[in-house]
Amino acid sequence: MNKEILVLVDDGHGEMTPGKRTPKFTDGSVIKEHQFNQPVATKLVALLKHNGLSAHNITQGNADVTLPTRVKIANALAAIHLRKYPNGKVIFISVHYNAMSDNWSSVSGVETFHHYGSKEGKRLAADVHSEIIKGTVQSNRGVKEAGYYVIKYTSMPAILVELGFMSNLREASLMLDQDFQYECASEICEGVKKYFNITESAPGPLPILTPSTKLGYSKLRHLHNNFLTDVHIYKSNKPPEYVLGTPRRYESISQIESKYKDVEAIVNANLFPFSAVDQAKTPLGYGLIITDNGQGKKIADYYQNSSPNFVDLIAWKDGKVTIETVTSHIVDNRRLANIQGNAFFGASGCYALKIEGKDTRLYWDKVSHANSYTDRTMVGVDGEGMWYMIVAESNTNSKGLRALDQQVICDLLGLDYCVNFDGGGSSAMKHKGKFVTKQSGRNIPAAFISRL
Ligand SMILES: [Zn+2]
């Protein structure tokens, strides 16, 4: 019963812990150790659970948790686990990135520590270390003994892994590489399995979790090419509303939300001006016109017509959905009046993902970022007429998606029509008044909302 094995994972330091960062890169930036430790810890926990083990990240989030507190949390979690599973086993793994000095240095490599004289710690360290040295070519500094606080005072076999040197330029530049982070996590996971003599392999790669069939908010972790991405989904039995901020001014998602009643979920729907110059002069949004949003005023002149580089998603009141392209910047008032009168909304996105249930690459060629991993906002409808507002996150723990990966999500949800709506870095979802994604700092002219 692998569930009886609990692996406690420690991400080492908080975001604000002093020191614990690389020397300055030539552009003046630095990378904090936390920016490596935390995503590796998150990925490790996901992988261990996928292999059927119990696993827990003892300090989720960015807080600066002291070493004694880390030890207390670990020992308490171990005690709870052993009450539940009297024959259970608990181990502790602390994830770190090393430093030689405050300046760049040539010292490099990986090393694994256990506490002085700990027999089980030594065996665990040897098993994990033998896997760690299999990946990216780094010098092998070996298994060592030390008196570090967390491996000294924790009540279970404990190790501390140093997966590279922040003070080595080559290894520092690996820290934010998600391939490398995933490799580190998966090697530690293999080492843990070796320690416990677990020979069966995981049931395939980390699965794309089955999305919730319920209406409302749900989240899934999508794994593709060894990258984890958090995907936030809001499902509704009616089309979302396409709503505006204050005309001719960009606003935060919260400011837009405050103008509407009973907002259950809200996502960005960015419409960009033609250029930064235009935005400075007249911050017009950019795209298709929408309904009057219950504000009793026609707003058909609020935005410019759709860009010839955009596709329009239109949810008609008779239940049909269309995805259209336009060929000119010139405003076609008859078309707009027709949409204004007969559709729930019309909104411009960068490119289409699904039309009539089929994969489409409509306008992928118009935006180069279709091929890059980034935040995404999608809006779509499935074969049963259920509507989805979807945000895929990009942050240190979540890779983001390419257009190709977005189509995988569409398939998973059974979407017949789906359009990509965002610009990189601007995607966010708020549910019941709280951000479920990172808070997007970017001001936007429009949003999708779902109301109760
Ligand atoms: Zn450290």
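In what follows, the accompanying structure is described.

Definitions and cut-offs
Residues numbered from 1 in each chain as written. Predicted model: local features only at pLDDT ≥ 70, side-chain atom pairs only at ≥ 80, totals over all residues. Buried ≥ 20, exposed ≤ 12 C-beta atoms within 10 Å, placed from the backbone. Helix = DSSP H or I, 4+ residues; strand = E, 2+ residues; numbered from the N terminus. Pairing = 2+ DSSP bridges. Axes fitted to C-alpha atoms, helices over the stretch in contact; angles between N-to-C directions. Core = buried A, V, L, I, M, F, W, Y, C linked by C-beta atoms within 7 Å. Contact = placed C-beta atoms within 7 Å.

A short note on the pairing of strand S17 (residues 387–392)
And step 1. The buried count for S17 comes to six of six residues, which makes it a mostly enclosed element.
And step 2. Residues Trp 387, Met 389 and Val 391 point to one face of S17 and Tyr 388, Ile 390 and Ala 392 to the other, with burial holding for every one of them.
And step 3. Two strands pair when backbone bridges link them, and strand S16 (residues 376–382) and S17 are joined in this way by six bridges, in the antiparallel orientation. Bridge assignment links Gly 380 to a residue of S17, and that residue is Tyr 388.
And step 4. Joining the antiparallel neighbours S16 and S17 is a turn of four residues, in which Gly 385 adopts a positive phi near 85°.

Focus on the pairing of strand S13 (residues 343–349)
And step 1. Of all seven residues making up S13, six are buried, and the element is well covered by its neighbours.
And step 2. Across six bridges, strand S11 (residues 311–316) lies against S13 in antiparallel orientation. Its bridge partner being in S13, Asp 312 is matched across the sheet by Ser 348.

Details of the sheet that holds S13
And step 1. Pairing is antiparallel in the open sheet, where three strands are placed in the order S12-S11-S13. Two strands bound the open sheet, and with one partner strand each, they are strand S12 (321–325) and S13. Sheet twist, expressed as the mean angle between neighbouring strand axes with direction ignored, is 20°.

Some words on the nonpolar core
And step 1. Counting 58 residues, the largest nonpolar core has Val 267, Tyr 388, Ile 390, Val 419, Ala 447 and Phe 448 as its most contacted members.
And step 2. With six residues, S17 is the single largest residue contributor to this core.
And step 3. Phe 448 has contacts with Pro 240, Glu 241, Tyr 242, Ile 266, Val 267, Ala 269, Val 379 and Met 389, leaving out every residue within four places of it along the chain.
And step 4. One finds Leu 124, Ala 125, Met 166 and Tyr 182 within the second-largest nonpolar core, a separate group that totals 54 residues.

Overview of the environment of Leu 404
And step 1. By the secondary structure assignment, Leu 404 is in helix H10 (residues 403–413).
And step 2. In this structure Leu 404 comes out as partly exposed when scored by C-beta crowding, with 14 C-beta atoms within 10 Å.
And step 3. Note: C-alpha distance between Leu 404 and Ser 372 (32 residues apart in sequence) is 9.8 Å.

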